[in-house]
Amino acid sequence: RVKEQGKNNFRFYTPDMNEAVSKKMKLEFGLRKGLERDEFKVYYQPQVDVTSGRVIGVEALIRWQHPEWGNIPPADFIPLAEETGLIIPIGEWILYEACRQNKCWQNQGYPPLRMAVNISSRQFQQSNLVETVSKTLKRTGLDPQYLDLELTESIIQDSKYAVSTMQKLKSMGIHLSIDDFGTGYSSLSYLKLFPIDSLKIDRSFTSNIFTDSKDAALVHTIIIMAHNLDLKVIAEGVETQEQLRFLQESKCNEAQGYLFSRPVIAGEMSAILTKQYDKMYK
Ligand code: C2E
Ligand code: MG
Ligand code: MG
Ligand code: MG
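The structure presented is a predicted model; accordingly, all values stated were derived computationally and were not measured.

The rules we used
- Residues numbered from 1 in each chain as written.
- Chains lettered and ligands numbered in written order.
- Predicted model: local features only at pLDDT ≥ 70, side-chain atom pairs only at ≥ 80, totals over all residues.
- Heavy atoms only, no water.
- Salt bridge = Lys/Arg side-chain N within 4 Å of Asp/Glu carboxyl O.
- Buried < 20%, exposed > 50% of the residue type's maximum accessible area, 1.4 Å probe, protein only.
- Helix = DSSP H or I, 4+ residues; strand = E, 2+ residues; numbered from the N terminus.
- Phe/Tyr/Trp six-rings, centres within 6.5 Å; stacked < 30°, edge-to-face > 60°.
- Lys NZ or Arg CZ within 6 Å of the ring centre and 35° of its normal.
- Disulfide = S-S within 2.5 Å.
- Near = heavy atom within 4 Å.
- Polar contact = N/O pair within 3.5 Å; in protein donor to acceptor, adjacent residues only side chain to side chain.
- Areas by Shrake-Rupley, 256 points an atom, 1.4 Å probe, with all protein chains shown as cover.
- Donors = N, O, S within 2.8 Å, 3.2 Å for Na, K, Ca; no water.
- Axes fitted to C-alpha atoms, helices over the stretch in contact; angles between N-to-C directions.
- Parallel < 35°, antiparallel > 145°, perpendicular 65-115°, else oblique.
- Contact = heavy atoms within 4.5 Å.
- Nonpolar A, V, L, I, M, F, W, Y, C, P; charged D, E, K, R; others polar.

Caption draft 1: Summary view of the pattern of salt bridges. Overall, the coordinates contain 11 salt bridges when judged by the stated rule. Two residues, glutamate 39 and arginine 37, come together in a salt bridge whose shortest N-O distance is 2.7 Å. Overall, the relative accessible area of 6% leaves glutamate 39 in the buried class. Taking the shortest distance from any N to any O, the salt bridge between glutamate 59 and lysine 200 comes out at 2.9 Å. Here the residue glutamate 59 occupies a position in strand β4 (residues 55-66), and lysine 200 occupies one in strand β9 (residues 198-201), the gap between them amounting to 141 residues.

Encoded structure:
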């Protein structure tokens, strides 16, 4: 089928595209149902202090287990959730769940951790974001200093709005991070405008430290730049002892990756924390 769109512009709709559209509709329907049917779970991945080796934070990562389709990775549904706006209820749910779980660990007597929650650009643009976050902290009783919001460079579309929203969150005492640092196309000047606390070096740099000397140089340089701006640095995707050593030598503050643990369910995370706690007091 050919559809005319103005004088010289033709769009071709092929059966392939119809298939893609119906696949997308199916996925969207699945997302709605998934919310109703409680198919989403939160997994937690430790964030480790590079010097002491201790877990000082965790990142909440969403998982979707569909009864027929099986496990669907976030990369396959978060973009559609953003597009359809479903990221709003999903994001509110995971924020609540992550804060609740963090408070629960504190109530159980574990040393307090910072809980990192990914905030998509669509969520960040919501005018009631600050209110939602503030309500969630109140409802769960979590102290704002133990919440870390991970924002990506894509939120910088409107930098005035971004700065004022970040300032509000910051003034509540919440920790702010830039996720996937170095992969966006934004200018560095936002680093002096944004009231952020840390940068997360993207896994694409970390994983190539020993295969690409330019990536090693970038990681090293990002850390120095961040420190000169009074920002902490966390490296994501750390898988080997050698990568960790490089990061230690480069004075990176924190690390996260399979070397320490894959993302795990809350119960397994408790076990990791218990083991660490036992070691500390032995
Ligand atoms: P991200 O926030 O950059 O999260 C890090 C991703 O790297 C996670 O993938 C994590 O499982 C993976 N990872 C961690 N360490 C390693 C490692 O050592 N090696 C390798 N190969 N991978 C590692 P995941 O869970 O599949 O999430 C992918 C992306 O989906 C996230 O990237 C984030 O952008 C998005 N996402 C996940 N959960 C949420 C959520 O609750 N809300 C929003 N808005 N986005 C989310
Ligand atoms: Mg993240
Ligand atoms: Mg990341
Ligand atoms: Mg990443």
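Next, the rest of the story.
Caption draft 2: The arrangement of the packing of aromatic side chains in detail. Applying the stated criterion across every chain, the model contains nine aromatic pairs. On the numbers, 6.1 Å between centres and 75° between planes, the contact of tryptophan 64 with tryptophan 69 is edge-to-face. Ring geometry for phenylalanine 124 versus tyrosine 161: centroids 5.9 Å apart, planes at 80°, classification edge-to-face. Of this pair, phenylalanine 124 sits in helix α4 (residues 121-125) while tyrosine 161 sits in helix α6 (residues 159-171); the two residues are 37 residues apart in sequence, bridging distant segments of the chain. Members of the aromatic cluster, connected to one another through ring pairs, are Phe40, Trp64, Trp69 and Phe77. One Lys or Arg, arginine 63, reaches over the ring of tyrosine 43 and ends 5.6 Å from the middle of that ring.

Caption draft 3: A look at the state of the cysteines. For the structure shown, the criterion picks out zero disulfides. For the unlinked cysteine cysteine 104, the closest cysteine sulfur is that of cysteine 99, found at 13 Å.

Caption draft 4: A look at the site of ligand 1. Surveying the vicinity of ligand 1 reveals 22 residues, the closest of which are Arg63, Asn118, Asp179, Glu239 and Tyr258. A distance of 3.0 Å separates an oxygen atom of ligand 1 from a polar atom in the side chain of aspartate 180. One nitrogen or oxygen atom from the side chain of glutamate 239 is found 2.5 Å from a nitrogen atom belonging to ligand 1. When ligand 1 is considered free in solution it has 810 Å² of accessible area, and contact with the protein chains removes 84% of it. Elements with a minimum of two residues in the shell around ligand 1: β4, α2 (74-84), α3 (87-107) and β8 (175-181). For the shell around ligand 1, the element with the most residues is β4, which contributes four residues.

Caption draft 5: Just the coordination of the magnesium ion (ligand 4), in detail. Around the magnesium ion (ligand 4), the protein contributes the donor atoms Asp180 (OD) and Glu236 (OE), at 2.3 to 2.5 Å from the metal centre. Between the two metal centres, the magnesium ion (ligand 4) and the magnesium ion (ligand 3), the spacing is 3.0 Å, with aspartate 180 acting as a shared donor. Here aspartate 180, found in strand β8, pairs with glutamate 236, found in the loop between β10 (232-235) and α10 (241-249); they are 56 residues apart in sequence, far enough to count as distant.

Caption draft 6: Local environment of the packing of helix α1 (residues 15-36) against α2. At their nearest, the axes of α1 and α2 sit 10 Å apart, and the two run at 85° to each other. If you check the angle between α1 and α2, you find them roughly perpendicular. From α1, Lys24, Leu27, Glu28 and Leu31 reach across to α2, where they touch Asp76, Phe77, Leu80, Ala81, Glu83 and Thr84. A per-class count over the contact of α1 with α2 returns five nonpolar, one polar and four charged.

Caption draft 7: Expanded view of the coordination of the magnesium ion (ligand 3). Every protein donor of the magnesium ion (ligand 3) is accounted for by Asp179 (OD), Asp180 (OD) and Glu236 (OE), and the metal-donor separations fall at 1.9 to 2.3 Å. We note that the donor set of the magnesium ion (ligand 3) lies within a single chain, spaced as D-D-x55-E. The two metals, the magnesium ion (ligand 3) and the magnesium ion (ligand 2), are separated by 3.8 Å and share aspartate 179 as a common coordinating residue. A residue pair is termed long-range when its members are at least 10 positions apart, and aspartate 179 in strand β8 and glutamate 236 in the loop between β10 and α10 qualify at 57 residues. When sorted by exposure, aspartate 179 lands in the same class as glutamate 236, which is buried.

Caption draft 8: Quick peek at the environment of methionine 115. The residue methionine 115 is located in strand β6 (residues 114-118) in this model. Taking the relative accessible area as the measure of exposure, methionine 115 reaches 0% and is therefore buried. Expressed as a C-alpha distance, the spacing of methionine 115 and serine 159, which sit 44 residues apart in the sequence, is 25 Å. Not counting residues within four places of it along the chain, the set of residues in contact with methionine 115 comprises Tyr44, Val58, Ala60, Ala98, Asn102, Trp105, Tyr146, Leu147 and Asp148.

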